[in-house]
There are 2 protein chains.
Amino acid sequence: MLRISKLTDYAIVVTAAMAGDPKRIFSAAELSSETHLEPPTVAKVLKMLTRSDLVQSFRGASGGYRLARTPADITVAQLIVAMEGPIGMTQCSVHQGLCSTEAVCALRGHWQQISRAVHAALSEMTLLDMTRPTITHTLVPELKLHNQTTESP
Amino acid sequence: MLRISKLTDYAIVVTAAMAGDPKRIFSAAELSSETHLEPPTVAKVLKMLTRSDLVQSFRGASGGYRLARTPADITVAQLIVAMEGPIGMTQCSVHQGLCSTEAVCALRGHWQQISRAVHAALSEMTLLDMTRPTITHTLVPELKLHNQTTESP
DNA sequence: GCAAATAGTACAATTTTAGTCCTCTTTACC
DNA sequence: GGTAAAGAGGACTAAAATTGTACTATTTGC
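So, here is what we can say about the structure in this document. Since the structure is predicted, the reported quantities are computational estimates derived from the model, not experimental observations.

Some remarks on the pattern of salt bridges
All names here are of chain B. Enumeration over the complete set of coordinates arrives at four salt bridges over all chains. One salt bridge in this structure joins Asp-129 and Arg-132, with 3.1 Å as the shortest N-O distance. Judged by its relative accessible area of 40%, Arg-132 falls in the partly exposed class.

Topic: the packing of helix H5 (residues 108-123) of chain A against helix H5 (residues 108-123) of chain B
The N-to-C vectors of H5 of chain A and H5 of chain B enclose an angle of 150°; their axes lie 9 Å apart at closest approach. Overall, the two elements H5 of chain A and H5 of chain B adopt an arrangement that is roughly antiparallel. In terms of crossing hand, the pair formed by H5 of chain A and H5 of chain B is right-handed. Across the interface between the two elements, Ile-114, Ala-117, Val-118, Ala-121 and Leu-122 of chain A of H5 of chain A pack against Ile-114, Ala-117, Val-118, Ala-121 and Leu-122 of chain B of H5 of chain B. Of the residues belonging to the contact of H5 of chain A with H5 of chain B, the class tally is ten nonpolar, no polar and no charged.

Notes on the protein's contact with DNA strand C
As a matter of local geometry, DNA strand C sits amid 26 residues, with Lys-6, Lys-44 and Arg-59 of chain A together with Ser-57 and Tyr-65 of chain B nearest to it. Backbone atoms, meaning sugar plus phosphate, form 69% of the atoms of DNA strand C positioned within 4 Å of the protein. Interatomic distance of 3.4 Å between a backbone N/O atom of Gly-60 of chain A and a base oxygen of DNA strand C. Here a base nitrogen of DNA strand C sits 2.9 Å away from a polar atom, N or O, in the side chain of Lys-47 of chain B. Among the secondary structure elements, those contributing two or more residues to the surface near DNA strand C are helix H1 (6-19) and helix H3 (39-51) of chain A together with helix H3 (39-51), strand E1 (55-58) and strand E2 (64-67) of chain B. Of the residues belonging to the surface near DNA strand C, the class tally is seven nonpolar, eleven polar and eight charged.

Quick notes on the relation of the copies chain B and chain A
For the match of chain B to chain A, the screw axis carries a shift of 0.0 Å, the RMSD comes to 0.1 Å, and the turn is 180°. The superposition operator between the copies reduces to a two-fold rotation axis. When the interface residues of chain B are mapped onto chain A, 84% of them again lie at the interface, so the same face is used by both copies.

Quick word on the nonpolar core
In this structure, Trp-111 and Leu-122 of chain A together with Trp-111 and Leu-122 of chain B are the most contacted members of the largest nonpolar core, which totals 79 residues. Not counting residues up to four positions away in its chain, the partners in contact with Leu-122 of chain A are Thr-75, Val-76, Ala-77, Ile-80 and Ile-87 of chain A together with Leu-2, Met-89, Ile-114 and Val-118 of chain B.

Here we look at the environment of Ser-62 of chain B
Looking at where Ser-62 of chain B falls in the secondary structure, it is placed in the loop between E1 and E2. Remark: the alpha-carbon pair of Ser-62 of chain B and Phe-26 of chain B, spanning 36 residues in sequence, is separated by 9.1 Å.

Describing the interface of chain B and chain A
In this complex, chain B contributes 57 residues to the contact, which on the side of chain A involves 54 residues. Roughly 4,900 Å² is buried in total at the junction of chain B and chain A, and carbon and sulfur atoms are behind 68% of that figure. Of all residues in chain B, Met-1, Leu-2 and His-110 of chain B give up the largest surface area on contact with chain A, accounting jointly for 17% of the area buried on that side. Taken together, the links from chain B to chain A amount to ten residue pairs in polar contact (both at pLDDT 80 or more). Elements with a contribution of two residues or more to the side of chain B that touches chain A: helix H1 (6-19), helix H4 (76-84), H5 and helix H6 (127-130) of chain B. Tallying contributions element by element places H5 of chain B first for the side of chain B that touches chain A, with 13 residues. In the side of chain B that touches chain A, the residues fall into 31 nonpolar, 16 polar and ten charged.

A short note on the protein's contact with DNA strand D
Close to DNA strand D lie 27 residues, the nearest being Lys-47, Ser-57 and Tyr-65 of chain A together with Lys-6 and Arg-59 of chain B. Considering the 4 Å shell around the protein, atoms of DNA strand D inside it are sugar or phosphate in 64% of instances. At 3.4 Å, a backbone N or O of Gly-60 of chain B approaches a base oxygen of DNA strand D. Listing elements by their share of the surface near DNA strand D, those giving two or more residues are H3, strand E1 (55-58) and strand E2 (64-67) of chain A together with H1 and H3 of chain B. Of the residues that constitute the surface near DNA strand D, the class distribution is eight nonpolar, eleven polar and eight charged.

Considering the environment of Arg-69 of chain B
All names here are of chain B. In this fold, Arg-69 is placed in the loop between E2 and H4. Along the sequence, Arg-69 and Gln-91 sit 22 residues apart, while their C-alpha atoms lie 31 Å from each other. One polar contact links the side chain of Arg-69 to the main-chain carbonyl oxygen of Asp-73, over a distance of 2.7 Å. Among the polar contacts listed, one links the side chain of Arg-69 to the side chain of Gln-78, at a separation of 3.4 Å.

Side note on H1 of chain A
Helical geometry note: an α-helix holds 3.6 residues per turn, so side chains three or four residues apart project in the same direction. Residue and element names in this part refer to chain A. With 14 residues, H1 should reach 20 Å at 1.5 Å per residue; the first-to-last C-alpha distance of 20 Å fits that figure. For H1, a buried count of eleven out of 14 residues is recorded, marking the element as mostly surrounded by other parts of the structure. For H1, every residue scored as buried is listed here: Thr-8, Asp-9, Ala-11, Ile-12, Val-13, Val-14, Thr-15, Ala-16, Ala-17, Met-18 and Ala-19.

Parameters and conventions
Residues numbered from 1 in each chain as written. Chains lettered and ligands numbered in written order. Predicted model: local features only at pLDDT ≥ 70, side-chain atom pairs only at ≥ 80, totals over all residues. Heavy atoms only, no water. Salt bridge = Lys/Arg side-chain N within 4 Å of Asp/Glu carboxyl O. Buried < 20%, exposed > 50% of the residue type's maximum accessible area, 1.4 Å probe, protein only. Axes fitted to C-alpha atoms, helices over the stretch in contact; angles between N-to-C directions. Helix = DSSP H or I, 4+ residues; strand = E, 2+ residues; numbered from the N terminus. Parallel < 35°, antiparallel > 145°, perpendicular 65-115°, else oblique. Left-handed = near helix turned anticlockwise from the far one by under 90°. Contact = heavy atoms within 4.5 Å. Nonpolar A, V, L, I, M, F, W, Y, C, P; charged D, E, K, R; others polar. Near = heavy atom within 4 Å. Polar contact = N/O pair within 3.5 Å; in protein donor to acceptor, adjacent residues only side chain to side chain. Least-squares fit on C-alpha atoms with pLDDT ≥ 70 in both. Core = buried A, V, L, I, M, F, W, Y, C linked by side-chain atoms within 4.5 Å. Buried area = accessible area lost by both parts, 1.4 Å probe. Expected span 1.5 Å × (residues − 1).

Laid out in structure tokens, this is it:
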């Protein structure tokens, strides 16, 4: 299915919640009840995002977390990279020399191109976009055509 | 890392090998030695691709496999879909109603948009492209060369 | 009929991922 | 200063997905 991990998914849910009030400092517990995710999970995600400087943390009593930048300046690509490491669809497109068939396989360069294209697509969507209604935003030219509204959340 | 499964990777290696001589019928054993992948693995991949009509199979003695279309008409997106099912980065972008937070999470429509964008990027790269030297082809949305409109699922 | 080849299914082992818990450090406030 | 709230960091367990393989059945050419 070409999927991101659940933890990455959670990271986006949590940061999208924070984007609703970008200046405010949220405790992990608050974000947990707002997103309906388990407290330990939310805490784990926030720690990871802090290490990548996508959110700022404040320790001590009345501490918590806040987005490090405005929602418009945080992309889905950045969030995915923070949680999973470099975007690459195959091992060989990220690390050289780990694949046993690398010597006889000419595909590595192509995978790198594909990964860059996917990365570019993911860089088009910001956290601000994620907080807006679905229909307004278009990502790639062709997609303007079939812009259907499939859901009502 | 946002990756495809190894089996999907193998599928592309195997079909890329077949693309070198699109008319020829290859046995699974031949493709195994050509790609340096284990015979059972190659067999498994070919069976899956056959079910999705990306390769044709010929049973019986002197049987084997052949690409069902020309390499230019088979995209990486199609191969990924054949191996992994619909491209969707989260469960909710493929199946409705399985995510427990769906009721309170407004992200589903956005994930569908993102998935379509990724699908579009993956539809730009064909098996023919994969057999060519790396440097010539660029794929990043801004530099897009050809607009082939493959349908989104 | 026999040999070569694919079809289909099932399975065991490995690897990843998820989720939780525990201890330590920092800070606000009385 | 003491205490409680909150994050930091790491370790660990359980569960799930992925892999790779094996086995049996079926088809076809000679």
